[in-house]
Amino acid sequence: MFRRRFLLAFSCVALCASLASAQDKQSPDVWLTVTGEVTHPLKLTAADFAKLAHQKLTTKDTDGKPVTFEGVALVELLQAAGVGFGEKLRGKNLELFLVVEAADGYKAVFALPELDPAFNDRTIILAETRDGKPLAEAEGHWRVIVPDEKRHGRWVRKVISLTVRRA
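What you see is a predicted model; the values in this text were computed from it and never measured. (Residues numbered from 1 in each chain as written. Predicted model: local features only at pLDDT ≥ 70, side-chain atom pairs only at ≥ 80, totals over all residues. Heavy atoms only, no water.)

A. Examining the pairing of strand β3 (residues 55-60) more closely. In the sheet, β3 pairs with strand β4 (residues 66-73) via six bridges, with the strands oriented antiparallel. What sits directly across from Lys60, in β4, is Pro66. Where β3 hands over to β4, the hairpin turn is made up of five residues, of which Gly64 adopts a positive phi near 85°. (Pairing = 2+ DSSP bridges. Helix = DSSP H or I, 4+ residues; strand = E, 2+ residues; numbered from the N terminus.)

Now the structure itself:
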(Lines give C-alpha, C1' and ligand atoms only; values in the text may rest on other atoms or scores of the structure.)
Protein backbone atom coordinates (compact mmCIF):
# COMPACT_ATOMS: atom_id res chain seq x y z
CA MET A 1 0.00 0.00 0.00
CA PHE A 2 2.74 2.48 1.00
CA ARG A 3 4.77 1.58 -2.06
CA ARG A 4 1.81 2.12 -4.39
CA ARG A 5 1.08 5.56 -2.86
CA PHE A 6 4.74 6.50 -3.13
CA LEU A 7 4.84 5.49 -6.83
CA LEU A 8 1.62 7.40 -7.51
CA ALA A 9 2.95 10.53 -5.80
CA PHE A 10 6.27 10.23 -7.64
CA SER A 11 4.45 9.86 -10.99
CA CYS A 12 2.37 12.97 -10.30
CA VAL A 13 5.48 15.02 -9.47
CA ALA A 14 7.24 13.80 -12.62
CA LEU A 15 4.19 14.59 -14.78
CA CYS A 16 3.86 18.11 -13.33
CA ALA A 17 7.55 18.76 -13.90
CA SER A 18 7.36 17.65 -17.53
CA LEU A 19 4.25 19.80 -18.15
CA ALA A 20 5.96 22.85 -16.64
CA SER A 21 9.02 22.21 -18.77
CA ALA A 22 6.87 21.95 -21.90
CA GLN A 23 5.11 25.21 -21.06
CA ASP A 24 8.46 26.97 -20.57
CA LYS A 25 9.55 25.85 -24.04
CA GLN A 26 6.37 27.22 -25.63
CA SER A 27 6.55 30.69 -24.11
CA PRO A 28 9.30 33.23 -24.80
CA ASP A 29 12.12 33.24 -22.31
CA VAL A 30 11.57 35.71 -19.49
CA TRP A 31 15.07 36.79 -18.55
CA LEU A 32 14.36 39.67 -16.21
CA THR A 33 11.55 40.51 -13.80
CA VAL A 34 10.84 43.85 -12.15
CA THR A 35 8.54 43.37 -9.16
CA GLY A 36 7.77 44.45 -5.61
CA GLU A 37 6.56 47.96 -4.75
CA VAL A 38 5.84 48.79 -8.40
CA THR A 39 2.56 49.63 -10.12
CA HIS A 40 3.33 47.67 -13.32
CA PRO A 41 5.39 44.50 -12.69
CA LEU A 42 7.49 43.59 -15.72
CA LYS A 43 8.66 40.34 -17.27
CA LEU A 44 11.22 41.21 -19.91
CA THR A 45 12.65 39.09 -22.69
CA ALA A 46 15.78 39.99 -24.61
CA ALA A 47 13.55 41.45 -27.36
CA ASP A 48 11.75 43.67 -24.82
CA PHE A 49 15.07 44.85 -23.41
CA ALA A 50 16.36 45.69 -26.90
CA LYS A 51 13.43 48.11 -27.43
CA LEU A 52 14.39 50.25 -24.41
CA ALA A 53 16.56 53.38 -24.64
CA HIS A 54 20.21 52.36 -24.38
CA GLN A 55 23.21 54.38 -23.35
CA LYS A 56 26.96 53.88 -23.28
CA LEU A 57 29.04 54.22 -20.16
CA THR A 58 32.83 54.23 -20.01
CA THR A 59 34.41 53.33 -16.68
CA LYS A 60 37.29 51.31 -15.26
CA ASP A 61 37.06 47.55 -14.92
CA THR A 62 38.40 45.57 -11.95
CA ASP A 63 41.90 45.66 -13.45
CA GLY A 64 41.77 49.48 -13.80
CA LYS A 65 41.55 49.48 -17.60
CA PRO A 66 38.94 51.59 -19.37
CA VAL A 67 35.94 49.66 -20.64
CA THR A 68 32.73 50.74 -22.36
CA PHE A 69 29.43 49.13 -21.42
CA GLU A 70 26.09 49.64 -23.12
CA GLY A 71 22.71 49.01 -21.58
CA VAL A 72 19.63 50.53 -19.98
CA ALA A 73 19.70 52.84 -16.97
CA LEU A 74 18.19 51.15 -13.92
CA VAL A 75 16.06 54.25 -13.35
CA GLU A 76 14.48 53.74 -16.81
CA LEU A 77 13.58 50.12 -16.04
CA LEU A 78 12.04 51.10 -12.72
CA GLN A 79 10.11 53.99 -14.27
CA ALA A 80 8.70 51.56 -16.85
CA ALA A 81 7.43 49.52 -13.90
CA GLY A 82 5.77 52.60 -12.41
CA VAL A 83 8.28 53.63 -9.74
CA GLY A 84 8.22 57.39 -9.17
CA PHE A 85 11.41 59.44 -9.33
CA GLY A 86 12.15 63.18 -9.33
CA GLU A 87 9.50 65.08 -7.35
CA LYS A 88 7.72 61.81 -6.53
CA LEU A 89 10.75 60.46 -4.67
CA ARG A 90 10.17 62.07 -1.27
CA GLY A 91 8.52 61.34 2.07
CA LYS A 92 7.54 57.69 2.44
CA ASN A 93 8.90 56.92 -1.02
CA LEU A 94 12.41 57.50 0.38
CA GLU A 95 11.86 54.22 2.27
CA LEU A 96 12.04 52.32 -1.02
CA PHE A 97 15.15 50.43 -2.09
CA LEU A 98 16.12 48.15 -4.95
CA VAL A 99 17.34 44.58 -4.57
CA VAL A 100 19.22 43.29 -7.61
CA GLU A 101 19.38 39.50 -7.71
CA ALA A 102 21.61 37.23 -9.79
CA ALA A 103 20.91 33.72 -11.06
CA ASP A 104 23.24 32.29 -8.40
CA GLY A 105 21.40 34.04 -5.54
CA TYR A 106 23.89 36.91 -5.15
CA LYS A 107 22.13 40.16 -4.20
CA ALA A 108 23.01 43.83 -3.95
CA VAL A 109 20.98 46.77 -2.64
CA PHE A 110 20.58 50.34 -3.92
CA ALA A 111 18.67 53.18 -2.27
CA LEU A 112 16.39 54.71 -4.91
CA PRO A 113 18.01 58.18 -4.66
CA GLU A 114 21.26 56.54 -5.86
CA LEU A 115 19.50 55.88 -9.17
CA ASP A 116 17.61 59.18 -9.49
CA PRO A 117 19.11 61.92 -11.72
CA ALA A 118 17.36 64.48 -9.49
CA PHE A 119 19.60 63.37 -6.59
CA ASN A 120 22.94 62.81 -8.34
CA ASP A 121 24.73 62.86 -11.69
CA ARG A 122 25.68 59.19 -11.70
CA THR A 123 24.02 56.74 -14.10
CA ILE A 124 23.87 53.08 -13.08
CA ILE A 125 23.08 50.78 -15.98
CA LEU A 126 22.06 47.21 -16.62
CA ALA A 127 24.58 46.43 -19.34
CA GLU A 128 24.27 43.88 -22.11
CA THR A 129 27.44 44.67 -24.05
CA ARG A 130 31.08 45.26 -23.15
CA ASP A 131 33.29 47.10 -25.65
CA GLY A 132 30.65 46.55 -28.35
CA LYS A 133 30.35 42.80 -27.85
CA PRO A 134 27.77 40.76 -25.89
CA LEU A 135 28.76 40.11 -22.29
CA ALA A 136 30.82 36.99 -21.67
CA GLU A 137 28.93 33.89 -20.55
CA ALA A 138 30.32 34.33 -17.01
CA GLU A 139 28.60 37.74 -16.85
CA GLY A 140 25.22 36.48 -18.10
CA HIS A 141 22.76 38.39 -20.26
CA TRP A 142 22.89 41.49 -18.05
CA ARG A 143 25.24 43.01 -15.52
CA VAL A 144 24.82 46.04 -13.26
CA ILE A 145 27.53 48.66 -13.78
CA VAL A 146 28.14 51.28 -11.07
CA PRO A 147 30.69 53.64 -12.65
CA ASP A 148 32.24 55.44 -9.69
CA GLU A 149 32.51 52.70 -7.09
CA LYS A 150 36.05 51.68 -6.17
CA ARG A 151 34.99 48.13 -5.32
CA HIS A 152 32.80 46.24 -7.75
CA GLY A 153 30.76 44.35 -5.17
CA ARG A 154 27.50 45.75 -6.56
CA TRP A 155 28.43 45.07 -10.19
CA VAL A 156 26.02 42.13 -10.13
CA ARG A 157 26.51 39.56 -12.90
CA LYS A 158 23.78 37.31 -14.35
CA VAL A 159 20.96 39.62 -13.22
CA ILE A 160 17.55 37.95 -13.24
CA SER A 161 15.40 40.22 -11.08
CA LEU A 162 14.95 43.75 -9.79
CA THR A 163 12.73 44.00 -6.72
CA VAL A 164 11.64 47.26 -5.12
CA ARG A 165 11.05 46.93 -1.38
CA ARG A 166 10.17 49.22 1.48
CA ALA A 167 12.42 49.57 4.53
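Next comes the rest of the description.
B. The arrangement of the nonpolar core in detail. Of all hydrophobic cores here, the largest spans 41 residues; its most connected members are Leu98, Leu115 and Val144. In contact with Leu115, not counting residues within four places along its chain, are Leu74, Val75, Leu78, Phe85, Leu98, Phe110, Asn120 and Ile124. (Core = buried A, V, L, I, M, F, W, Y, C linked by side-chain atoms within 4.5 Å. Buried < 20%, exposed > 50% of the residue type's maximum accessible area, 1.4 Å probe, protein only. Contact = heavy atoms within 4.5 Å.)

C. Here's a closer look at the pairing of strand β6 (residues 107-111). Side chains Ala108 and Phe110 of β6 all project onto a buried face; the interleaved residues Lys107, Val109 and Ala111 project onto a face where none is buried. Where strand β5 (residues 96-102) meets β6, five bridges bridge the pair, whose relative direction is antiparallel. Note on β6: the bridge partner recorded for Phe97 is Ala111. A loop of four residues connects β5 with β6, the two strands running antiparallel in sequence, and Gly105 in this loop sits at a positive phi of about 95°.

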